[in-house]
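Results of the structural survey
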Amino acid sequence: MPVLNLTNPLVALLCLAAIICAIVLGHEIKRAIVPAIALLLSIGILVIHTLQLFVFVDSYREYQIILSTSMMYDFAFVLVTYISYLWVDDIEAKHRNKKSIDNSLDWFWSKI
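What counts, and at which threshold
Residues numbered from 1 in each chain as written. Predicted model: local features only at pLDDT ≥ 70, side-chain atom pairs only at ≥ 80, totals over all residues. Heavy atoms only, no water. Helix = DSSP H or I, 4+ residues; strand = E, 2+ residues; numbered from the N terminus. Buried < 20%, exposed > 50% of the residue type's maximum accessible area, 1.4 Å probe, protein only. Contact = heavy atoms within 4.5 Å. Areas by Shrake-Rupley, 256 points an atom, 1.4 Å probe, with all protein chains shown as cover. Salt bridge = Lys/Arg side-chain N within 4 Å of Asp/Glu carboxyl O.

The secondary structure content of the chain amounts to four helices and zero strands. Counted from the first residue to the last, the chain has its helices and strands arranged as α-α-α-α. Per-residue burial over the chain gives 35% buried out of 112 residues. Residue pairs at least 24 apart in sequence account for 62% of intrachain contacts in the chain once pairs closer than 6 positions are excluded. Total accessible area computed for the chain in this model is approximately 7,200 Å², and 71% of it derives from carbon and sulfur atoms.

Written out as structure tokens, the structure reads:
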């Protein structure tokens, strides 16, 4: 049985709401650690789903489909949290007058 079944729309919406809350909280307090925690949790869930996919044998075919779909959601969550981490890190760097971790997306932040 999958740890987190993201094929259920309610569970997917709750995960998305938690990620959005972490992004907003990180933006409000101007700390990049909050989206970084959400990013690490998303990566951890992706790793768990990947391990479960390779552990299940062929007799659990329905779980393989659920896990494959959940992994697609996990990749999307990792992408969203990574971009939001870079965004909040840029905001924190400007607020504290320090160097940002990565300035490669400055052209993108200037358009937002």
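Let us now look at the environment of Arg31. Note that Arg31 resides in the loop between helix H1 (9-29) and helix H2 (33-55). Each C-alpha atom of the pair Arg31 and Ile91 lies 8.3 Å from the other, and the pair is 60 residues apart in sequence. Apart from residues lying up to four places away in sequence, Arg31 is in contact with Gly26, Val88, Glu92 and Arg96.

According to the stated counting rule, one finds two salt bridges in the structure shown. For Lys94, the salt bridge is made with Asp90, and the minimal N-O distance between the two is 3.4 Å. Of this pair, Lys94 and Asp90 are both found in helix H3 (residues 61-96), four residues apart, which corresponds to roughly one turn of the helix. Looking at Asp90, the relative accessible area reads 7%, which means it is buried. Arg96 is the partner of Glu92 in a salt bridge, and the nearest nitrogen-oxygen pair spans 3.5 Å. Residue Glu92 and its partner Arg96 are both found in helix H3; the two are separated by four residues, about one turn of the helix. Residue class for Glu92 comes out buried when judged on its relative accessible area of 8%. Here Arg96 falls in the partly exposed class, since its relative accessible area comes to 35%.

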